[in-house]
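Per-entry structural report
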Amino acid sequence: MVSLMTRKQKPTLKSGVPGGCGLDLAGTDPCQAGNERFPIVGIGASAGGLEALEQFLKHVPKECGMAFVVVQHLSPDHTGNLPELLQRSTTMKVMQVNDSLRVRPHCVYVIPPNKDMTISKQTLHLRTPEAKHGLRLPIDIFLRSLAEECTEQSIGVILSGMGSDGTLGLCAIKEQGGLTLVQEPASAKFDSMPKSVIDSGFADIVAPAEELPERIMDFLGYAAPRWKSEQNRRDRELSSFEKITTILKAKTQHDFSLYKPTSVYRRIERRMGIHKIGSIADYARFLQKNAAEVDLLFKELLIGVTSFFRDSKMWEELKAEALPKILSAYPGGGTLRAWSCGCSSGEEAYSLAMLFMEALDQVKQPENYSLQIFATDLDADAIEKARRGIYAATIESDVSPERLQRFFIKEGARYRVCKEIRDMVTFAQQNVIMDPPFTKLDILICRNLLIYLSNELQKQLLPLFHYSLKKGGLLFLGSAETIGSHADLFTSTSVSTKLFWRNKNILRNRLITFPTSLTSNYPSSSQQESLMLKTADNLQSLADHFILQHFAAPTVLVNDQGDIVYISGRTGKYLEPAAGKANMNIFAMAREGLQYKLGSAFSQAVRQSEPVTVTGEMVGADNRIQSVDMTLMNIEDPEVLRGMVMIAFKDVTLLPKAKRKRKGTLPDSKQVEELEQELLKTREELRTAREEMQTTHEELKSTNEELQSTNEELQSTNEELTTSKEEMQSMNEELQSVNAEQSARLNDFQQINNDMENLLNSTEIVTIFLDNNLQVRRFTTGANRLFKLIPGDVGRPLTDIVSNLYYPQLYDHVQDVLRKLISVETEVPTLDGRWFLIRIMPYRTMDKVINGVVITCSDITAAKKSEDELREEIVKLKGQVAG
């Protein structure tokens, strides 16, 4: 691993690294700022990797300006002579590390035997391992400390070696955005360590040992100048950065513009350094032309580094304080629900399941409790690995021996999660930003995800997490994460804890952004535009056709809001543009005298299918009163016009207006009397109208209050429906997750079943599986030649089946195998003269439970015949010798 460190002797270092990797990079050094920097290279190899180490050091240029730290697997009793051996391959000074040794450039440091080593503030620290013998991981220990100390400026190198030490260390470096290099397995004397890193997907560069120094220097030559003026450069290259996120979104459907730019920049720059690309604009063009690089960058951005019980103190707090409190809320038992968001390869989800099982040890009637964990991640490959539940032996450094014994099954150099723990977790691919969340949760784990997301996105997700949790539910965050400004939603028991309890606050007056990936039923914008154009093309012909069928008078076509869509004939007599801002609404354009009748008739017409006709009066030409019939018809057919209203105007009669009296002419008494009577009648009508208006006003006021009450009820109902919709979406997400999990299991089962069927058939060994009651569970092809078996015999006792074997002790031997858990092997003849080797062994499940027996029958007739012939030949030879 390479890390840029500092030195206080001079302001700058004139190193031989191309591109000026020795330039002062103040402001980005995680150790100290303002001092001269030089790379520290750490190399991991086993005791048998001497040749690879020599080849590596031989090809390091003179005056490279770097320091090297070599970490090896060594026996506790080993005498350290590696410094003398390596000194032959390099002109740099090679020395064995003492405790608290400060690192200097142009030197090689070698770990001593029986020690673990870490680095902090440019100083190497030694400690004695707790266990003298057994599995030790000194390379992982050193690489992890280096990744924590130097973050994105750390680079790891793994050379020849046995085992998998170094894999988790490179994983930590890759999480921080550093560079990882691995010796090509074909060139390694021992390829286990390189293969472990490559298979885990943590290797950036794979090459022979002699080529790795040049690749490191190439990377530093491109990376160091970029680290120098980071902020100004990023401001200039913002458009290229946006282009890259657009390319990623088009290919992967995931929007990385919502992530923190610094985190995304760091990953992009690593890829640029690997490909020796100098500017982000050039990399954007490179990305457009290389689909494979898009996939690699996508995987780079999804690096999910995790481990069992990461930050162990927090997990112990979860076990000791949180889980008992949650279980106490279910005094009669019940099923708890948990969601591990961003679960990566499943370690955190399985860690929670193990702690839950341990917590149940302190509860009465633990059989009444169960835990359902939903574990999701964006990375499909990580989810697939999590479903398998198989992990390297390096987990021994994170999982105690007691937990390994109880919750895992050892399979060679790997560990498999036991069935009890595996069945508690449902894995599914999910994008927490876009997909509906899981709800009604007791525990929500979201560790080391929020730190990569923008502040705006964090502010949206935390209220969503609050919504997902039950009252009193628990939110478990990572060591570098907080709830920020959402202290009203969650409460923590102490300042340092990362366990946050959900408050009773029900998010009133707070907007929750509820993500959904469900496809909308509404047409897309392009579909809507196409539909609008199509409608506009057909509207005139359809409207004209409809008018000719029903009306011959001037007519207008309006929508359900009264906006005029189409006009037929001369309607200027009945309509006129309103003063002010242009308004094509029929009620604004109708002439005085027609508006009131038209409004009431329109409301009636839109509620029924029959035409509505009303008569209104308006002042016509020459100051005359004109009566107008208005016919309104709600259109049901054709479909394009459905919901619109056709309004036709027709003159009825033309009444002459009373001629005005000449000025100065006095009316006679009869006319005065008639006018007085008419005035009295008008006053009475006005009084009656006033009373009716008052009554109507009171009725309208009462109706308005009822409408307001109804509106509040509708709003409440709408909120309930919205909540129900969100819960249904969450339930749908759960069902999709369970379905994906079951589909994956079914596919695995079918594949295993096919493999087993082909294996058994290819061996030509007759195999019969019996349960504990000696009933036939399954048998292979050829079993019917020894036992009269047919498919319908599954479930019948084997003792009821007629056998062609002369084997009266079969039943007794099977009982001995079940009782004593031993294996029985014997040679048995058949009634037709053949011989078979019969093996009877216990049937062991993955959980080491005996669940029946397996009987195999191998045909040894040919071997038996050869044995008899050989025996006869020996007898003949003996006879000849005796004669």
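Residues numbered from 1 in each chain as written. Predicted model: local features only at pLDDT ≥ 70, side-chain atom pairs only at ≥ 80, totals over all residues. Heavy atoms only, no water.

1. As for the overall build of the protein chain
Note the threshold: The helix count covers DSSP runs of H or I at least four residues long, the strand count covers runs of E at least two residues long, and both are numbered beginning at the N terminus. Any residue under 20% of the maximum accessible area for its type is buried, any over 50% is exposed, and the rest in between are partly exposed; the area is computed with a 1.4 Å probe on protein chains only. Residues count as neighbours in contact if any of their non-hydrogen atoms are within 4.5 Å of one another. The method behind every accessible area is Shrake-Rupley, applied with a 1.4 Å probe, and residues are considered shielded solely by the protein chains displayed.
Scanning the protein chain from N- to C-terminus turns up 23 helices and 31 strands. Relative to its full complement of 883 residues, the protein chain shows a buried share of 46%. Look at the contacts in the protein chain between residues 6 or more apart in sequence, and 65% of them connect residues 24 or more apart. When the accessible surface of the protein chain is totalled, it reaches about 46900 Å², and 51% of it is carbon and sulfur.

2. Re the environment of Leu 477
Within the fold, Leu 477 resides in strand S19 (residues 469–477). Exposure remark for Leu 477: the relative accessible area of 0% places this residue in the buried category. Ignoring anything within four residues of it in the chain, the contact list for Leu 477 reads Cys 446, Arg 447, Leu 450, Thr 482, Ile 483, Lys 498 and Phe 500.

3. Here's the deal with the sheet that holds strand S31 (residues 850–859)
For the record, the criterion: A pair of strands is considered paired only if DSSP assigns at least 2 bridges between the two. Axes, fitted as lines to C-alpha atoms, cover a helix only where it is in contact. Angles between the N-to-C directions of the axes lie from 0 to 180 degrees.
One open sheet holds the 5 strands; their spatial order is S28-S27-S31-S30-S29, and the pairing between them is antiparallel. The open sheet has two edge strands with one neighbour each: strand S28 (776–779) and strand S29 (824–829). Neighbour-to-neighbour, the strand axes of this sheet turn through a mean angle of 20°, independent of strand direction. Pairing analysis gives 5 bridges linking strand S27 (residues 766–770) to S31, with the strands arranged antiparallel.

4. A word on the packing of aromatic side chains
Spelled out, the test is: Only Phe, Tyr and Trp rings are paired, with Trp represented by its six-membered ring, and only when their centres lie within 6.5 Å; those with planes under 30 degrees apart are stacked, over 60 edge-to-face, the remainder tilted.
Under the counting rule described, the total for this entry stands at 17 aromatic pairs. Between the aromatic rings of Trp 315 and Phe 476, the centroid separation amounts to 5.2 Å while the plane-to-plane angle is 75°, which identifies the pairing as edge-to-face. In this pair, Trp 315 sits in helix H12 (residues 312–328) while Phe 476 sits in strand S19, placing the two residues 161 residues apart along the sequence. Phe 476 carries the same exposure label as Trp 315, and that label is buried. Here Tyr 574 and Phe 649 contribute two aromatic rings whose centre-to-centre distance is 4.9 Å and whose plane-to-plane angle is 5°, an arrangement assigned as stacked. Of the two residues, Tyr 574 is situated in the loop between strand S23 (564–568) and helix H19 (586–589) and Phe 649 in strand S26 (residues 645–655); the sequence distance between them amounts to 75 residues. As far as the burial class goes, Tyr 574 and Phe 649 line up, both buried.

5. Brief notes about the pattern of salt bridges
A side chain of one charge can pair with a side chain of the opposite charge when the charged atoms of the two come close. Rules: For salt bridges, the criterion is a side-chain nitrogen of Lys or Arg within 4 Å of an Asp or Glu carboxyl oxygen.
If you walk through the whole model with that rule in mind, you get 31 salt bridges. The residue Glu 348 makes a salt bridge to Arg 447 at a minimum N-O spacing of 3.6 Å. Taken together, the residues Glu 348 in helix H13 (residues 347–360) and Arg 447 in the loop between strand S18 (441–446) and helix H17 (455–468) connect sequence positions 99 residues apart. By relative accessible area, Arg 447 is classed as buried at 3%. Connected through salt bridges with shared partners, the residues Glu 316, Lys 319, Glu 358 and Arg 403 form a single ionic network.

6. Looking at the pairing of strand S30 (residues 835–844)
When S29 meets S30, the two strands line up antiparallel, connected through 6 bridges. Looking at the pairing, Glu 827 lines up with Leu 837 of S30. Two successive antiparallel strands, S29 and S30, enclose a turn made up of 5 residues, where Gly 833 displays a positive phi of approximately 95°. As defined by bridge partners, S30 adjoins S31 across 8 bridges and the pair is classed as antiparallel. Across the sheet, residue Ile 838 finds its bridge partner in S31, namely Cys 857. Linking S30 to S31, which pair antiparallel, is a turn of 5 residues; within it Lys 848 sits at a positive phi near 60°.

7. Quick look at the confidence of the model for the protein chain
Note the threshold: A score from 0 to 100, pLDDT tells how confident the predictor is in each residue.
When the pLDDT values of the protein chain are averaged, the result is 79; 83% of them are 70 or greater. Note that residues 226–232 has pLDDT below 50 and, in this model, 18 contacts with residues that lie over four places away or in other chains. Confidence drops under pLDDT 50 across residues 516–537; counting only partners more than four residues distant or on other chains, this segment forms 10 contacts.

8. Comments concerning the nonpolar core
Buried together is how nonpolar side chains tend to be arranged in soluble globular proteins. The cut-off we apply is this: Only buried Ala, Val, Leu, Ile, Met, Phe, Trp, Tyr and Cys residues count toward a nonpolar core, and they belong to the same one when joined by side-chain atoms within 4.5 Å.
With 49 residues, the main nonpolar core has Leu 318, Phe 408 and Ile 421 as its most contacted residues. If you tally residues by element for this core, the top one is H13, at 10 residues. Among residues more than four places away in sequence, those in contact with Leu 318 are Leu 323, Pro 324, Leu 352, Leu 355, Leu 474, Phe 476 and Leu 499.

9. Some thoughts on the side chain of Thr 245
Looking at the element boundaries, Thr 245 is found in helix H8 (residues 238–252). Since its relative accessible area comes to 6%, Thr 245 is described here as buried. Setting aside residues up to four positions removed in sequence, Thr 245 forms contacts with Phe 256 and Ser 257.

10. Let's talk about the sheet that holds strand S13 (residues 369–377)
The strand order across the open sheet built from 7 strands is S17-S13-S12-S18-S19-S21-S20, with neighbouring strands paired in mixed fashion. In this open sheet, the two strands that pair with only one neighbour each are strand S17 (425–429) and strand S20 (490–492). Adjacent strand axes in the sheet meet at a mean angle of 20°, parallel and antiparallel pairs treated alike. Of the strand pairs in this sheet, S20 and strand S21 (residues 499–502) are connected by 3 bridges, and their pairing is antiparallel. Each bridged residue has a counterpart across the sheet, and for Thr 491 the counterpart in S21 is Trp 501. Set on the sheet, H13 makes contact with strand S12 (334–341), S13, S17 and S18; between it and S13 the angle comes to about 170°. The strands that helix H14 (residues 380–388) touches are S13 and S17; relative to S17, the one it contacts most, it runs at about 160°.

11. What to know about a negative patch on the surface
We count it as follows: Here, patches come from residues exposed beyond 30% relative accessible area and free of salt bridges, joined within 9 Å for like charges and within 5 Å for nonpolar side chains (Val, Leu, Ile, Met, Phe, Trp, Tyr). Only four residue types enter the tally: Lys and Arg on the positive side, Asp and Glu on the negative side; His and the chain ends are excluded. Think of each charge as sitting on NZ of Lys, CZ of Arg, CG of Asp or CD of Glu.
Residues Glu 184, Glu 210, Glu 211 and Glu 214 make up a contiguous surface patch of negative charge. By the secondary structure assignment, Glu 210 is in the loop between strand S11 (205–207) and helix H6 (212–228).

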